[in-house]
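Topology and contacts: notes
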Amino acid sequence: MFPIADDNPTHSSPIVTWFLIAISVAIFAWQTSLPDSAVETVFITYGAIPANIFGSPTGAVLPFPPEMTLLSSQFLHGGLMHLGGNMLYLYIFGDNVEAAMGHLRFLAFYLVAGVVAALTHGALAQASGIPMIGASGAISGVLGAYLLLYPHARVRILFLPLPIPFFKIFAVPAIIVLGIWFAIQFVSAAYSSPEGGGVAFWAHVGGFVAGMVLLPLFKQRGVPYWQSPSAEVIDTRRPPGPWTRVDAREDHRGGEPSRDNGPSGRKRGPWDSAGEG
């Protein structure tokens, strides 16, 4: 069971979200072109190693201060599923948070949330020499911000009870989807060791909480919290200013029904077709 889209359209172009997805995919493509030994070197050099950051160096010689790996680690991924899962969540939830903040503020928010997430994991495993990689900490921050901004937005969930050849798509409020997601991360973190390998659950928890705490510092003035399903959509393209609001059911060019987001004005997910009802 996992999300595939949300019914929360925005009339702004999420260029930073697209950029983050594109650069993450490009770096992963570069990783796959390297031999395994070189990939391991990349992870050790650019991954966030708690021991290096908190003063117990592992002996690896880095070309820059170890604190810089808090940023570089956000763009490395350990496999196709790791990359795909992270980018799917960023694709679904990133555009609305970017619209609420603006492009540059969203980029700064994303990176800061990722840094806080890595520090949360590192603080609990200060002697660990295992590099932490991935965008999930930063994306957890996006999820935390989304929860406070759009708790009632409908998120489409694909239910696929393997190995049964059956699937069903449900529309569930974001507060339930993200609430369950956070509960799973917290419980998993509580019952796992941060010093071991595998998923850095405490980074997810730290990033999510950071997203909620940082939101007031980064969102545009006038953007409300806890928006209802009928809340107006932020339009970052039409005059007189970059944050004019329009109704979610109207096109930004006039009063006609919007066709940008597919049937019923909803944002398409990667599995939607143009003719879906």
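Refer to the preceding data block for the structure.
Keep in mind it's a predicted model, so treat the numbers as computed, not measured. (Residues numbered from 1 in each chain as written. Predicted model: local features only at pLDDT ≥ 70, side-chain atom pairs only at ≥ 80, totals over all residues. Heavy atoms only, no water.)

1. Details of the overall build of the protein chain
This is how it is decided: The way it works is that DSSP assigns letters per residue, a run of H or I at least four long becomes a helix, a run of E at least two long becomes a strand, and they are numbered from the N terminus. Note on exposure labels: buried denotes an accessible area under 20% of the residue type's maximum, exposed denotes more than 50%, and partly exposed covers the range between, all computed with a 1.4 Å probe on protein chains only. The criterion used for residue contact is that any of the two residues' heavy atoms lie within 4.5 Å. Note on areas: Shrake-Rupley with a 1.4 Å probe; residue coverage comes only from the protein chains shown.
Secondary structure assignment for the protein chain yields nine helices and five strands. Put simply, the protein chain has 277 residues, and 46% of those count as buried. Considering only residue pairs separated by 6 or more positions, the protein chain has 70% of its internal contacts joining residues 24 or more positions apart. Looking at the protein chain as shown, the accessible area adds up to about 13,500 Å², and 67% of this sits on carbon and sulfur atoms.

2. Considerations on a nonpolar patch on the surface
How we decide: Like-charged residues are merged into a patch within 9 Å and nonpolar side chains (Val, Leu, Ile, Met, Phe, Trp, Tyr) within 5 Å, provided each residue has over 30% relative accessible area and no salt bridge. The rule for a salt bridge is simple: a side-chain nitrogen of Lys or Arg has to be within 4 Å of a carboxyl oxygen of Asp or Glu.
On the surface, I175, I176, I180, I184, Y225 and W226 cluster together to form a nonpolar patch covering roughly 560 Å² of accessible area. Position of I175 among the secondary structure elements: in helix α8 (residues 174-190).

3. Here's the deal with the pattern of salt bridges
Applying the stated criterion to the full structure yields one salt bridge. Among the ionic pairs, D7 bridges to R156, the shortest N-O distance being 3.1 Å. Of this pair, D7 sits in strand β1 (residues 2-7) while R156 sits in strand β2 (residues 154-159), placing them 149 residues apart in sequence.

4. Side note on the packing of aromatic side chains
The test is simple: Each aromatic pair joins two rings of Phe, Tyr and Trp (for Trp, the six-membered one) with centres within 6.5 Å, and gets the label stacked for planes under 30 degrees apart, edge-to-face for over 60, and tilted for any other angle.
Under the criterion given, the structure shown has 11 aromatic pairs. Judged by centre distance (5.7 Å) and plane angle (70 degrees), the ring pair of F109 and F218 falls under edge-to-face. One end of the pair, F109, is in helix α6 (residues 103-123); the other, F218, is in helix α9 (residues 201-218), and 109 residues separate them in sequence. Its relative accessible area of 0% is what places F109 among the buried residues. Residues W181 and F208 carry aromatic rings whose centres are separated by 5.8 Å and whose planes lie at 35 degrees to one another, so their mutual orientation is tilted. Remark: F208 occurs in helix α9 and W181 occurs in helix α8; sequence separation between them is 27 residues. The two residues W181 and F208 agree in class, both being buried. An aromatic cluster of at least three residues, connected via ring pairs, comprises W181, F182, F186, W202 and F208.

5. Observations regarding α8
Selection criterion: Expected helix span is taken as 1.5 Å per residue step, with the number of steps being one fewer than the number of residues. Regarding the arc, it is the one traced by the directions from the helix axis to the C-beta atoms.
The terminal C-alpha atoms of α8, which comprises 17 residues, lie 24 Å apart, in line with the 24 Å expected from a rise of 1.5 Å per residue. When α8 is considered as a whole, its buried residues turn out to be A174, V177, L178, W181, Q185 and A189. Projected down its long axis, α8 carries its buried residues within an arc of 95 degrees, all on one side. Residues of α8 that are buried sit in contact with α5 (80-101), α7 (136-149), β2, β3 (168-173) and α9.

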